[in-house]
Amino acid sequence: MGDFGGTLRSARERKGVSLRHIANATKISMSALEALERNDFDRLPGGIFSRSFVRAYADEVGLDPDQTVADFLKEAGQTFEPPPAIAQEDTPLLPEHADPALEFRQSWKPSRMFGLGPWTAIVLLVGVIVVFLTVRGMDRAAPAAAPPAVAGAPAQPQQAAQPGAGQATAAPNPTGPIPDLNPGQPMRLVLTPSANCWVELTVDGTLRVSRVMAAGERETHDIQEGALLQVGDAAAMTFTINGRASKPIGDSGQVETLRISRTNFKDFIQ
């Protein structure tokens, strides 16, 4: 086994920069950077996230990012693993360096998930959408008509309309039991970091976010089946799902990976 971490450390020392400088520039925690230099790969989150760390480190110290990531994969043996809820026994093995977004996308194909042919899956999907739109239309009740005026009766003063009256919007911070999802209803994920935070988000097999989100920034994504959320600073990341605030997901500087699906989304919100 080679000394991948030593190669990184030597390049950093030649560049004349400290580990703290790299942490500030990349928004990657010191503990993750120290683990890279010690070849302590078990302390890294793995998959796309670890590769992003290595690529960002390489950029800062003047190494070739692609070659550095390839060396890391060879030494660490990192592979992308889809969320357990969607892993299939018949999923073919992919090459070690296969594109992780492609791996995730393949596992979410309806024909693989339910053993259906592509046209059958499309017909079922259209049926679900039609049912959802029909139910949604029935839920929108027409406003009640005002009672007829009685002759000779004094006019009743009109009450001022309440803000948002007649709208089906949820309260800013709803409480109580978390409702189940209706058929076809997406999970609306809103990311709102309180401090600068490295974020990697894959939604329904498509990579949507892979960057540092600034404090106060907002990202909104609708999830149909599942998402993989990885953050570099767990204490800095908060989010909502369908308007419900998230539970604390970790301590400051802690790297966390959340696998959110239609069956477990309630575990992550209050």
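Everything that follows concerns the structure shown earlier in this document.
Before going into details, it helps to say that this report is about the structure given with it. Worth saying up front: this structure is predicted, and the values here are computed from it rather than measured. (Residues numbered from 1 in each chain as written. Predicted model: local features only at pLDDT ≥ 70, side-chain atom pairs only at ≥ 80, totals over all residues. Heavy atoms only, no water.)

## Some details on the overall build of the chain
Helices and strands together make up the secondary structure of the chain, namely eight helices and eight strands. The 270 residues of the chain split such that 36% are buried. For the chain, long-range pairs separated by at least 24 residues make up 62% of all intrachain contacts whose partners lie at least 6 apart in sequence. Surface accessibility of the chain: about 15,900 Å² in total, with carbon and sulfur atoms responsible for 55%. (Helix = DSSP H or I, 4+ residues; strand = E, 2+ residues; numbered from the N terminus. Buried < 20%, exposed > 50% of the residue type's maximum accessible area, 1.4 Å probe, protein only. Contact = heavy atoms within 4.5 Å. Areas by Shrake-Rupley, 256 points an atom, 1.4 Å probe, with all protein chains shown as cover.)

## Examining the environment of Leu63
Counting through the fold element by element, Leu63 comes out in the loop between helix H4 (47-61) and helix H5 (65-76). Note on Leu63: relative accessible area 23%, which makes it partly exposed.

## Quick notes on the packing of H4 against H5
Remark: H4 packs on H5, axes separated minimally by 9 Å, with the N-to-C direction vectors making an angle of 135°. Here H5 runs oblique to H4, going by the angle between their axes. The way H4 lies across H5 gives a crossing that is right-handed. Contacts between H4 and H5 involve Ser50, Arg51, Val54, Arg55, Ala58 and Asp59 from the first element and Pro65, Asp66, Thr68, Val69, Phe72 and Leu73 from the second. (Axes fitted to C-alpha atoms, helices over the stretch in contact; angles between N-to-C directions. Parallel < 35°, antiparallel > 145°, perpendicular 65-115°, else oblique. Left-handed = near helix turned anticlockwise from the far one by under 90°.)

## What to know about H5
The end-to-end C-alpha distance of H5, which contains 12 residues, comes to 16 Å, matching closely the 16 Å that a straight helix rising 1.5 Å per residue would cover. Within H5 the residues assigned to the buried category are Pro65, Thr68, Val69, Phe72, Leu73 and Glu75. Buried residues along H5 sit in contact with helix H1 (4-15), helix H3 (30-37) and H4. Where H5 ends, the next residue or the one after it, Gly77, has phi of about 65°, a positive value. (Expected span 1.5 Å × (residues − 1).)

## Remarks on the side chain of Ser52
Mapped onto the elements of the fold, Ser52 is located in helix H4. Overall, the relative accessible area of 11% leaves Ser52 in the buried class. Apart from residues no more than four positions distant in its own chain, Ser52 is found in contact with Trp198, Glu200 and Ser210.

## Topic: the sheet that holds strand S3 (residues 206-213)
In spatial order, the strands read S3-S2-S5-S8; together these four strands make up an open sheet with antiparallel pairing. On the outer flanks of this sheet lie S3 and strand S8 (256-261), each paired with one strand and no other. Neighbouring strand axes in the sheet, compared pairwise and without regard to direction, differ in orientation by 10° on average. Pairing of strand S5 (residues 226-231) with S8, which is carried by six bridges, proceeds in the antiparallel orientation. (Pairing = 2+ DSSP bridges.)

## Let's talk about the sheet that holds strand S6 (residues 239-241)
Taken together, the four strands give an open sheet; going across it, the order is S4-S1-S6-S7, and neighbouring strands pair in antiparallel fashion. Both outer strands of the open sheet, strand S4 (219-223) and strand S7 (244-245), are each paired with one neighbouring strand and no more. Of the pairings in the sheet, the one linking strand S1 (residues 187-191) to S4 comprises five bridges and is antiparallel in character. Among the inter-strand pairings, Val190 is bridged to a residue of S4, identified as Thr220.

## A short note on the pattern of salt bridges
It is possible for side chains of opposite charge to pair when their charged atoms get near one another. Under the defined criterion, the tally for this structure stands at eight salt bridges. For Glu37, the salt bridge goes to Arg12, with nearest N and O atoms at 2.7 Å. With Glu37 in helix H3 and Arg12 in helix H1, this pair connects stretches of sequence that are 25 residues apart. For the pair Glu37 and Arg12, a shared accessibility class is recorded, and that class is buried. (Salt bridge = Lys/Arg side-chain N within 4 Å of Asp/Glu carboxyl O.)

## Remarks on the nonpolar core
Ranked by size, the top nonpolar core spans 26 residues in total, and within it Leu191 and Phe239 carry the most contacts. Put simply, the parts of the chain that give this core at least two residues each are S1, strand S2 (197-203), S3, S5, S6 and S8. Looking at which element gives the most residues to this core, the answer is S2, with four residues. When neighbours within four sequence positions are excluded, Leu191 is seen to be in contact with Val199, Leu201, Met213, Glu217, Arg218, Glu219, Leu229, Met237, Thr238 and Phe239. Ala11, Ile22, Ala35 and Phe49 belong to the second largest nonpolar core, which has 24 residues in total. (Core = buried A, V, L, I, M, F, W, Y, C linked by side-chain atoms within 4.5 Å.)

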